[in-house]
Amino acid sequence: MDKKVKPAQVFLSTFVLVGIFSVLSLLLYNKSGENLNKYVLHYFNTKWIYVDQLEQEREIELPVQLECRPNAIVTIKNTLPYADLEDYSVCFRSKQQFVRVLIDDHEVYCYGYSEKRFTKAPASAWQMIRVRKEDQGKTITIQMESPYEKYSGLIDEVVYGGKYDYQAYIIKKYTPAFIVSCVILSLGAFILLVSLLSITFRNEFRALFYISMCTITIGIWSLGESKITQFMYDDLDFMLALTLIALLVTPFPYLLYMKELVEKKHRNYLNILLIIWTINFARCITFALLQWKDLIETLDSVLILIVISLVVVHVILIYEYIHNRKQHSKIYPAAYLSMTGILLAFTMLEIGAYYHDVFKDYGLFLRIGLLLYMAVLTLTVVARYFDLITEANDLRERLLHSQITLMLSQIQPHFLFNTLTAIRTLIKKKPDEAYKLVGHFAKYLRANLNSINSQDLIPFAEELNHIKTYVNIELVRFNHQFEVIYDIDIEDFKVPPLCIQPIVENAIKHGVCKIIEGGVVTIRTRLIGGSIIVEVIDNGIGFDVNEYESDQGDDTDKKNPSVGIKNIKMRLTKICDATFKIQSIKGSGTIVTVVFPRKIVQPSIKEYR
């Protein structure tokens, strides 16, 4: 990489690593500082009475997972404690459950019964029920129900105390997860900005755009699962739907991004995964709309597919790393491979914890893994972007050099001398023709000199006029030894200056004029499908295409025709994304085909200057 790039990369690397260290330090600080006694809060987990479906009672201690069928109403009751407070709140967290609270058989609170939602049950939420001074010592009854087997009979720990103390405790406890989520979202926004800046690099733009979308959707999911959005946004059911859809959509940009990185022979595996994800996405959305199964009920299949996708991607990366030790053109394999492995391990660890202990505050390790993973991606993305800038600067110099070389090759001393000699001869014999030839010659020189400072593509009609000017000069010089046929069907497109004329010059000088009896050069344009085809065909002496392909001559050698053609090929492919093909048979002639993609707006040479 260019030395000028290294300071920026070092600065960005340092910034990201310091940010990660700061977040991890904050995590440890908050984790060690979780102490309920710091707040006016007390546990309320003992002496609860569970009333089952047969009206039988037994004492339980919270938190607890009772064996209940889906939609069964779970009823627990206890005596409200006395406290030295005017009033306080009984607080707990419900997980995809409807909640109803009664004090002495009088309903004082309900949650989830009246709202319309995307899922069968309301979103998980922190429940805070106000208890007045006169209600202390009365019986509190909590009824909970859930349509999901996993959450039926699930009762988390209960505390009581000041409402705002409880909010402060929750915010203190889950702020690290919220911060990590915000950092991931910020990384996604940063990569999206870089992708927009690199839009002129086409293929690289797609890769950057895909990973930015993946990072943003992961950030949305992580933010929705951070457990404190309730204190910032009231519509929890909308946030739940957004979180689930983000999780369902995330694999698409991720797999599309990986397709841009891996070798072509491995992309079919990712295509298969994309098809599976598309089918799964359609299934989940269809079931949800028809109210057969909502996104929470289909979550198991999503989690399984996520693990399978990560395993497949990791196996592909391992294979490519082993079989190709050299640095990939778009990623840094060792760091990327290790981070993918860490993410896979953290994902499996968190999914295992999710199914093993429903009361565990899962997600911390996964968020750290995601943060590290996205940080490495950000570093590689920025490094790649700076590489592209360096390559673009190098390409700009090469294009300018090739343009000057082409211009100089068109006005070589022998060409000037021969043309002036022809004019001198015609002045006495055919002064009218000499007059016309001087006009053609002046027009030819002016067009070549103007091409050096040309900043834009020019209409093909202008390039065609330049070709006709050159042909008129050569017809006089070679005494009409050859013929040029113009078979033009379309002119409404743009090309770089001096990109077709040198091909015609090669066909004349090194093709038909090498034959004593002369020959025919045909210039043809066609619109086929979505492409514009330009062909230069001659029936000259032809040449060995293999020798041309293997010629690595100095690009300053103006006497070598293959060098000029290779410069033209580079300009056409880099500026217009055109394809360039040569077919030739010794003794039969040559066909040069240039295929331009037809676009509403074609690129400008300014992009490379």
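For the structure, see preceding data.
Report follows, based on the coordinates. Note that this is a predicted model, so its numbers are computed, not measured.

## A short note on the overall build of the chain
On a plain count of helices and strands, the chain comes out with 15 helices and 19 strands. Relative to its full complement of 609 residues, the chain shows a buried share of 50%. If you take every contact in the chain between residues at least 6 apart in sequence, the share linking residues at least 24 apart comes to 76%. For the chain, the accessible area works out to roughly 30400 Å², and carbon and sulfur atoms hold 59% of it.

## Describing the environment of Phe44
Locating Phe44 in the fold gives a position in the loop between β1 (41-43) and β2 (48-51). Exposure remark for Phe44: the relative accessible area of 7% places this residue in the buried category. Apart from the residues within four sequence positions on either side, Phe44 is in contact with Leu62, Asn78, Thr79, Leu80, Pro81, Val90, Ile140, Val158, Val159 and Tyr160.

## Describing the side chain of Glu145
Mapped onto the elements of the fold, Glu145 is located in strand β10 (residues 139-145). Summary of buried charges: Glu145 has no salt-bridge partner, and the nearest side chain of opposite charge, Arg100, is 5.4 Å away. A polar side-chain atom of Glu145 sits 3.3 Å from a polar atom in the side chain of Tyr113.

## Notes on the sheet that holds strand β19 (residues 589-597)
A sheet is described by the order of its strands in space; here five strands give the open sequence β14-β16-β17-β19-β18, paired in mixed fashion. Both edges of this open sheet fall to β14 (483-488) and β18 (579-585), since each of them pairs with a single strand only. When strand polarity is set aside, the average angle formed by the axes of neighbouring strands in this sheet is 10°. With seven bridges joining them, β18 and β19 adopt antiparallel strand pairing. Looking at β19, one finds that Ile582 is bridged to Val592. Packing against the sheet, helix α12 (residues 460-477) makes contact with β14 and β16 (520-528), and its axis sits at approximately 170° to β14. The strands that helix α13 (residues 501-509) touches are β16, β17 (531-538), β18 and β19; relative to β17, the one it contacts most, it runs at about 20°.

## A word on the sheet that holds strand β8 (residues 106-111)
Here we have six strands laid out as an open sheet, ordered β3-β2-β5-β10-β7-β8, and antiparallel in their pairing. Unpaired on one side and paired on the other, β3 (57-60) and β8 mark the two borders of the sheet. Here the average twist between neighbouring strands, direction ignored, is 25°. Direction of pairing for strand β7 (residues 98-103) relative to β8: antiparallel, over a ladder of five bridges. Paired with Val99 across the strands is Tyr111, a residue of β8.

Calculation notes
- Residues numbered from 1 in each chain as written.
- Predicted model: local features only at pLDDT ≥ 70, side-chain atom pairs only at ≥ 80, totals over all residues.
- Heavy atoms only, no water.
- Helix = DSSP H or I, 4+ residues; strand = E, 2+ residues; numbered from the N terminus.
- Buried < 20%, exposed > 50% of the residue type's maximum accessible area, 1.4 Å probe, protein only.
- Contact = heavy atoms within 4.5 Å.
- Areas by Shrake-Rupley, 256 points an atom, 1.4 Å probe, with all protein chains shown as cover.
- Lys, Arg positive; Asp, Glu negative; His and termini not counted.
- Salt bridge = Lys/Arg side-chain N within 4 Å of Asp/Glu carboxyl O.
- Polar contact = N/O pair within 3.5 Å; in protein donor to acceptor, adjacent residues only side chain to side chain.
- Pairing = 2+ DSSP bridges.
- Axes fitted to C-alpha atoms, helices over the stretch in contact; angles between N-to-C directions.

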